[in-house]
Amino acid sequence: MKDKTEIDIASLLKELQAYDNPSTEKQRHILEAAAEVFGEKGYDAAPTAEIARRAGVTERTLFKHFKSKSALLKRVVFAFAVKTILPLQIQKVKAMSEREAASYADFVAALAKDRLATVRSFGMGPRIVFNEILRNEGFRDKIRELFKDNVWTAILAAVKRFQQQNKLRKDLNPEAIARATMTMVAGYVLFRSFIANKEDWDDEKNIESLVRVLTEGVNPR
């Protein structure tokens, strides 16, 4: 069944404020423990008993602070959604898309490096958000809507600007270029952060190679 979780910018910011400023130290410990357990196990497999144990409280105390497991998840996932992808990060991506760059390759490389650094700086937070995007159809639809209205339009505008400056091929559909760019950036960031996060890679060189594939192709010249 589709999850009808209500999500808007106001509710996201409200939960972020509550997450960053818990009313008691016990609540702070519960939130920190929940972030760990949700990140490690996902929502469905995360027992409230384990969250309480890691927080150093009883389950009864946990439910005094949060009326349900879903309310606890909402506090955690909404806070990290703001920190990692919405709405501050949207503004950052939009600003990058509007900034002048010597080439489209430079723009994409800068975008990929920034997104990777952002995701990796928040520990388990992005994993929690990503798990909820996969699990919760209502949350996923809202994230898609916000990205379409903000990030997608910013990337597409950047592509069109580079085409007008003769820095990208004009015979290619700008939407196709924008989709390929977002797929490449998101794919590398997710793979590097969640699957190959323990590999000793040179991210700067890898990103530069991926950007060359995007902008130059793989066929021999």
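Preceding block: the structure.
Please read these numbers as outputs of a predicted model, since none were measured by experiment. (Residues numbered from 1 in each chain as written. Predicted model: local features only at pLDDT ≥ 70, side-chain atom pairs only at ≥ 80, totals over all residues. Heavy atoms only, no water.)

**Looking at the side chain of E132**
Within the secondary structure, E132 is located in helix 8 (residues 125-135). In this structure the side chain of E132 is engaged in a polar contact, spanning 2.9 Å, whose partner is the side chain of R135. Beyond its immediate sequence surroundings of up to four residues, E132 is in contact with L73, V77 and F139. (Helix = DSSP H or I, 4+ residues; strand = E, 2+ residues; numbered from the N terminus. Polar contact = N/O pair within 3.5 Å; in protein donor to acceptor, adjacent residues only side chain to side chain. Contact = heavy atoms within 4.5 Å.)

**Section: the environment of T24**
Mapping T24 onto the fold places it in the loop between helix 1 (9-20) and helix 2 (25-41). For T24, a relative accessible area of 34% gives the class partly exposed. As a C-alpha pair, T24 and F63 span 39 residues in sequence and 14 Å in three-dimensional space. (Buried < 20%, exposed > 50% of the residue type's maximum accessible area, 1.4 Å probe, protein only.)

**Structural notes on the packing of helix 9 (residues 137-164) against helix 10 (residues 174-195)**
At a minimum axis distance of 9 Å, the contact between helix 9 and helix 10 shows a crossing angle of 120°. The angle between the axes of helix 9 and helix 10 places the two elements in the oblique class. Helix-helix and strand crossings are classified by hand; for helix 9 and helix 10 the assignment is right-handed. Contacts from V151, W152, I155, L156, V159, K160 and Q163 of helix 9 reach helix 10 at P174, E175, I177, A178, R179 and M182. Of the residues assigned to the contact of helix 9 with helix 10, the class counts are nine nonpolar, one polar and three charged. (Axes fitted to C-alpha atoms, helices over the stretch in contact; angles between N-to-C directions. Parallel < 35°, antiparallel > 145°, perpendicular 65-115°, else oblique. Left-handed = near helix turned anticlockwise from the far one by under 90°. Nonpolar A, V, L, I, M, F, W, Y, C, P; charged D, E, K, R; others polar.)

**So, the nonpolar core**
In terms of nonpolar packing, the biggest core is built from 33 residues, with F38, I51, L72, V76, V129 and F139 touching the most fellow members. Elements that contribute at least two residues to this core include exactly helix 1, helix 2, helix 3 (48-55), helix 5 (69-84), helix 8 and helix 9. Of all the elements, helix 5 adds the most residues to this core, at nine residues. Membership of the second largest hydrophobic core comes to 29 residues, among which are F107, V151, V159 and L168. (Core = buried A, V, L, I, M, F, W, Y, C linked by side-chain atoms within 4.5 Å.)

**What to know about the layout of surface pockets**
Once rolled over the atoms, a probe with the size of a water molecule shows which space is left empty. Its volume calculated, the largest pocket comes out at about 970 Å³. Lining the largest pocket we find 30 residues, and of these I85, F147, M182, A186 and L190 sit closest to its centre. Secondary-structure elements contributing two or more residues to the lining of the largest pocket are helix 6 (88-98), helix 7 (104-120), helix 8, helix 9 and helix 10. Counting residues per element, the lining of the largest pocket draws most heavily on helix 10, at nine residues. Taken together, the residues that form the lining of the largest pocket break down as 20 nonpolar, five polar and five charged. (1 Å grid on protein atoms, 1.4 Å probe; cavity = no way out; pocket = protein on both sides within 12 Å on 5 of 7 lines; lining within 4 Å. Points joined across faces, edges and corners; volume = space filled by probe spheres on them.)

**Describing the packing of helix 7 against helix 10**
Relative orientation of the contacting elements helix 7 and helix 10 amounts to 35°, with a least axis distance of 10 Å. Between helix 7 and helix 10 the crossing geometry is right-handed. Between helix 7 and helix 10, the residues in contact are Y104, V108, L111, A112, R115, L116, V119 and R120 and I177, T181, M184, V185, Y188, V189, R192 and S193, respectively. Class assignment for the residues of the contact of helix 7 with helix 10 results in eleven nonpolar, two polar and three charged.

**Thoughts on the pattern of salt bridges**
Tallied over the entire structure, the rule returns 20 salt bridges. Between R115 and D114 there is a salt bridge whose closest N-O contact spans 2.5 Å. When its relative accessible area of 16% is taken as the criterion, D114 is described as buried. Residues participating in the shared-partner salt-bridge network are E36, E40, K41, E50, R53 and R54. (Salt bridge = Lys/Arg side-chain N within 4 Å of Asp/Glu carboxyl O.)

Geometric descriptors of this kind do not, in isolation, establish any biological role.
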